[in-house]
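Structural overview
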Number of protein chains: 2
Amino acid sequence: MSVRKSKANGAAGSARVSRASGAAAARHGPANAPSEDEIFARIYEAVLDHRLQPGTKLKEVALADAFGVNRAVVRKVLARLSYNRLVALRPNRAAVVASPTIDESRDLFAARRVVEAAIVECVARAASREGVKALRAHARQEQDAYARGETRRGLKLSLAFHRELARLAGNGVLAEFLDQLIARTPLVVLAHKSTSGDSACSDDEHAGIVEAIARGDAHAAMTAMTAHLTSLEGQLDLTGKTRAAPDLAAMFAVSEV
Amino acid sequence: MSVRKSKANGAAGSARVSRASGAAAARHGPANAPSEDEIFARIYEAVLDHRLQPGTKLKEVALADAFGVNRAVVRKVLARLSYNRLVALRPNRAAVVASPTIDESRDLFAARRVVEAAIVECVARAASREGVKALRAHARQEQDAYARGETRRGLKLSLAFHRELARLAGNGVLAEFLDQLIARTPLVVLAHKSTSGDSACSDDEHAGIVEAIARGDAHAAMTAMTAHLTSLEGQLDLTGKTRAAPDLAAMFAVSEV
DNA sequence: CGTCGCTAACGTGTTAACAATATGGTCCCT
DNA sequence: AGGGACCATATTGTTAACACGTTAGCGACG
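To keep things clear, this report deals only with the structure shown in the data block. (Residues numbered from 1 in each chain as written. Chains lettered and ligands numbered in written order. Predicted model: local features only at pLDDT ≥ 70, side-chain atom pairs only at ≥ 80, totals over all residues. Heavy atoms only, no water.)

1. Here's the deal with the overall build of chain A
The helix and strand inventory of chain A stands at 12 helices and three strands. Put simply, chain A has 257 residues, and 48% of those count as buried. Of all intrachain contacts in chain A linking residues separated by at least 6 positions in sequence, the fraction that spans at least 24 positions is 77%. Carbon and sulfur atoms make up 55% of the accessible area of chain A, which totals about 12100 Å². (Helix = DSSP H or I, 4+ residues; strand = E, 2+ residues; numbered from the N terminus. Buried < 20%, exposed > 50% of the residue type's maximum accessible area, 1.4 Å probe, protein only. Contact = heavy atoms within 4.5 Å. Areas by Shrake-Rupley, 256 points an atom, 1.4 Å probe, with all protein chains shown as cover.)

Structural data, given as structure tokens:
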């Protein structure tokens, strides 16, 4: 994605922190000012962890304060998040975590079926030994996480499984697009999940997909993937509720994973 | 909350222009400062028209000067263009018009085959009378433009044809993604076209797709679309050359279409 | 003669002050 | 007592100055 990484971490970093109020900066760790990418990831993971629910207002100064960075940085992060449809930014109003509509959710899953069917087809046709091995290991790891009750970790691994699949397909453009779709999925699920049951990718279905790929059975793999996504979509319903949950500083300070 | 609002638009706009140096602003027109979207569109069309070739440096101050806006606006536009992979922005270096690699070009066409096959399938299955009619009219218009020798206009209509198809499919997410792919395609073609022949969508192929849709023959429509894209891809080769073409102010000032 | 190091200009990245707008409370009027 | 307009505050949007890094030209040295 964006090529933004190495900048004035050393001297400028500490100077920046000292300015942005040592109190807020100190709350999330020593004197490290998170980079743009880190902030992006933090907010994204907050959505994954249900700490940020759809409709939550993301005020620039509050975020800047929470992360100990400048408002401009927050602004860029919010722009990126808005590109990915994770937040909606309204002119002259605070940005909010996006609240995907029912239609958008349906379209999202339909798009994933199209893209991921093509991806597993590619992978099933040109599957290397190592690739299949890595996929099996991935599915196993995921299963373990769920078995141990580490839901958050399991969810992340589930997403990573789909990403790994896209990587193996060898089409960078498609992989990049799927990345966007995957990023939006948890938000859609969160916004429209039917019950409190943490709807995640079932590991059995992932395993089934891997086995079809290992057999080189492209048709079976595509069918399994389509069914998998349809089953995921089936866990949703049409109720949409929003909640407010401020105090971003505390929220992000806690999870120093 | 209804009273104090009717003033800001006019005043702010003119104030902005007056600051940004009347000389530069005057070069591309009277006192209108283009919006962010307009600048985005202008640059995008410049790529379409081969006025901006891959590798051309896009300096922030030069662009800001050419359009008569602030550097911050240019910066946001460049970020958006970079998100769409039309420009590459390198840290602490001038942004350049992207030079798609061979692999990227191949992946792009493969992705388009996947997405557009799914799209025409949807359209063929649920095609309304009006939709087919609009498509036919579109193809006709396109053909006329090419017949009249209006290559630029024909190219734009070709792109619009694919966009219209995506719109008719009714999947907003997929349409949005295809939009990105379509936007990148001219750049890829420009970067790797085999000869000087302006490779554009053949209108005959478009017409064939429309007729398959009109018949409700999803399979034929998908085949036609896939073949169409493959034929387009076939017009490319693997030579990559870059040229420099500065003086952005004059370039954008000329085309006050 | 080629190559390395230095210096100055250029261009991007960052920051903080300023301007404009929405929001929420309060007061007045009906 | 209820509703609407006004004022104060909070928050976003814009602007210009500054700091940093890169690039290119030039001179010295091997």
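2. Focus on the layout of surface pockets
Volume-wise, the second largest pocket comes out at about 620 Å³. Along the wall of the second largest pocket there are 22 residues; nearest its centre are Val114, Ala117, Ala118, Glu121 and Met222 of chain A. Contributions of two or more residues to the lining of the second largest pocket are made by helix H6 (102–125) and helix H11 (218–234) of chain A together with helix H6 (102–125) and helix H11 (218–234) of chain B. By residue number, the principal contributor to the lining of the second largest pocket is H6 of chain A, which donates eight residues. Considered class by class, the residues forming the lining of the second largest pocket number 12 nonpolar, five polar and five charged. (1 Å grid on protein atoms, 1.4 Å probe; cavity = no way out; pocket = protein on both sides within 12 Å on 5 of 7 lines; lining within 4 Å. Points joined across faces, edges and corners; volume = space filled by probe spheres on them. Nonpolar A, V, L, I, M, F, W, Y, C, P; charged D, E, K, R; others polar.)

3. Concerning helix H7 (residues 129–147) of chain B
Residues and elements named next belong to chain B. With 19 residues, H7 should cover 27 Å at 1.5 Å per step; its first-to-last C-alpha distance of 27 Å lies within 8% of that length. Every buried residue of H7 is accounted for by Gly131, Val132, Leu135, His138, Ala139, Glu142 and Ala145. The buried residues of H7 occupy an angular sector of 150 degrees when the element is viewed end-on, so they sit on one face. Summarising the geometry of H7, the exposed residues directed more than 90 degrees from the buried face are Arg129, Glu130, Lys133, Arg140 and Ala147. Remark: Gly149 follows H7 within two positions and exhibits a positive phi of approximately 85 degrees. (Expected span 1.5 Å × (residues − 1). Arc of directions from axis to C-beta.)

4. Examining the interface of chain B and chain A
Of the residues lining the interface, 24 residues belong to chain B; the matching set on chain A comes to 23 residues. Considering only the side of chain B, the residues that lose the most area to chain A are Tyr83, Val173 and Phe177 of chain B, jointly responsible for 28% of the buried surface there. Where chain B packs against chain A, one counts two salt bridges. In this structure, the connection of chain B to chain A is made through nine residue pairs in polar contact (both at pLDDT 80 or more). Those elements that place two or more of their residues in the side of chain B that touches chain A are helix H5 (71–83), H6 and helix H9 (172–192) of chain B. Of the residues forming the side of chain B that touches chain A, the biggest block, eight residues, is contributed by H9 of chain B. Residue composition of the side of chain B that touches chain A, grouped by class: 13 nonpolar, four polar and seven charged. (Buried area = accessible area lost by both parts, 1.4 Å probe. Salt bridge = Lys/Arg side-chain N within 4 Å of Asp/Glu carboxyl O. Polar contact = N/O pair within 3.5 Å; in protein donor to acceptor, adjacent residues only side chain to side chain.)

5. Points about the relation of the copies chain B and chain A
Between the two copies, chain B and chain A, the superposition gives an RMSD of 0.1 Å; the rotation angle is 180 degrees and the shift along the axis is 0.1 Å. What the rotation and shift describe, once combined, is the action of a two-fold rotation axis. Here 79% of the contact residues of chain B are again contact residues in chain A; the copies associate through an equivalent surface. (Least-squares fit on C-alpha atoms with pLDDT ≥ 70 in both.)

6. Digging into the sheet that holds strand E1 (residues 57–58) of chain A
Residues and elements named next belong to chain A. Strand order in this open sheet of three strands is E1-E3-E2, and the pairing throughout is antiparallel. Of all the strands in the sheet, just E1 and strand E2 (87–88) have a single pairing partner and so form its edges. Here E2 runs beside strand E3 (residues 95–97); their pairing, made up of two bridges, is antiparallel. For Ala88, the partnering residue across the bridge sits in E3 and is Val96. (Pairing = 2+ DSSP bridges.)

7. Focus on the pattern of salt bridges
It is possible for side chains bearing opposite charge to pair when their charged atoms get close. In this structure the tally under the stated criterion is 40 salt bridges over all chains. Between Asp217 of chain B and Arg215 of chain B there is a salt bridge, with its nearest N and O atoms 3.5 Å apart. Arg215 of chain B sits in the exposed class, given a relative accessible area of 58%. Several salt bridges share partner residues, and in doing so they unite Glu36, Asp37, Lys76 and Arg80 of chain A into one network.

8. So, the packing of H6 of chain A against helix H8 (residues 151–169) of chain A
All names here are of chain A. Where H6 meets H8, the closest approach of the two axes is 8 Å, and the angle between their N-to-C directions is 55 degrees. Taken together, the axes of H6 and H8 are oblique relative to one another. Crossing of H6 over H8 shows left-handed handedness. Contact with H6, carried on its side by Arg112, Glu116, Ile119, Val120, Cys122 and Val123, involves His162, Leu165, Ala166, Leu168 and Ala169 of H8 and no other residues of that element. Its residues assigned to classes, the contact of H6 with H8 shows eight nonpolar, one polar and two charged. (Axes fitted to C-alpha atoms, helices over the stretch in contact; angles between N-to-C directions. Parallel < 35°, antiparallel > 145°, perpendicular 65-115°, else oblique. Left-handed = near helix turned anticlockwise from the far one by under 90°.)

9. Considering the packing of aromatic side chains
How two aromatic rings sit relative to each other is set out by the distance from centre to centre and by the angle between their planes. Applying the stated criterion across every chain, the model contains two aromatic pairs over all chains. With 4.3 Å between their ring centres and 15 degrees between their planes, Tyr83 of chain A and Tyr83 of chain B make a pair best called stacked. Taken together, the residues Tyr83 of chain A in helix H5 (residues 71–83) and Tyr83 of chain B in helix H5 connect one chain to another. Summarising the burial analysis for this pair, Tyr83 of chain A and Tyr83 of chain B share the class buried. Measuring from ring centre to ring centre gives 3.0 Å for Phe177 of chain A and Phe177 of chain B, while their planes differ by 5 degrees; the resulting arrangement is stacked. Remark: Phe177 of chain B occurs in helix H9 and Phe177 of chain A occurs in helix H9 (residues 172–192); the pair is interchain, linking two chains. The class of Phe177 of chain A is buried, set by a relative accessible area of 3%. Lying over the aromatic face of Phe40 of chain A, Arg80 of chain A brings its terminal NZ or CZ to 4.4 Å of the ring centre. (Phe/Tyr/Trp six-rings, centres within 6.5 Å; stacked < 30°, edge-to-face > 60°. Lys NZ or Arg CZ within 6 Å of the ring centre and 35° of its normal.)

10. Overview of the nonpolar core
Counting 120 residues, the largest nonpolar core has Ile119, Leu165 and Ile213 of chain A together with Leu165 and Ile213 of chain B as its most contacted members. The contact partners of Ile119 of chain A, leaving out residues within four places of it in the chain, are Leu165, Ala166, Ala169, Leu174 and Leu178 of chain A. (Core = buried A, V, L, I, M, F, W, Y, C linked by side-chain atoms within 4.5 Å.)

11. Thoughts on the side chain of Glu233 of chain A
All names here are of chain A. On the secondary structure map, Glu233 appears in helix H11. Exposure remark for Glu233: the relative accessible area of 19% places this residue in the buried category. Here the side chain of Glu233 touches Arg113 through a polar contact of 2.9 Å, side chain to side chain. Setting aside chain neighbours within four positions, we find Glu233 in contact with Arg106, Phe109 and Arg113.

12. So, the packing of helix H3 (residues 36–48) of chain A against H5 of chain A
All names here are of chain A. Two elements in contact, H3 and H5, have axes separated by 10 Å at closest approach and are oriented at 55 degrees. With respect to each other, H3 and H5 are oriented oblique. Where H3 crosses over H5, the two elements pack in a sense that is right-handed. Note on element contacts: H5 touches H3 through Val73, Lys76, Val77, Arg80 and Leu81, opposite Glu36, Asp37, Ile39, Phe40 and Ile43. Broken down by class, the residue content of the contact of H3 with H5 amounts to six nonpolar, no polar and four charged.

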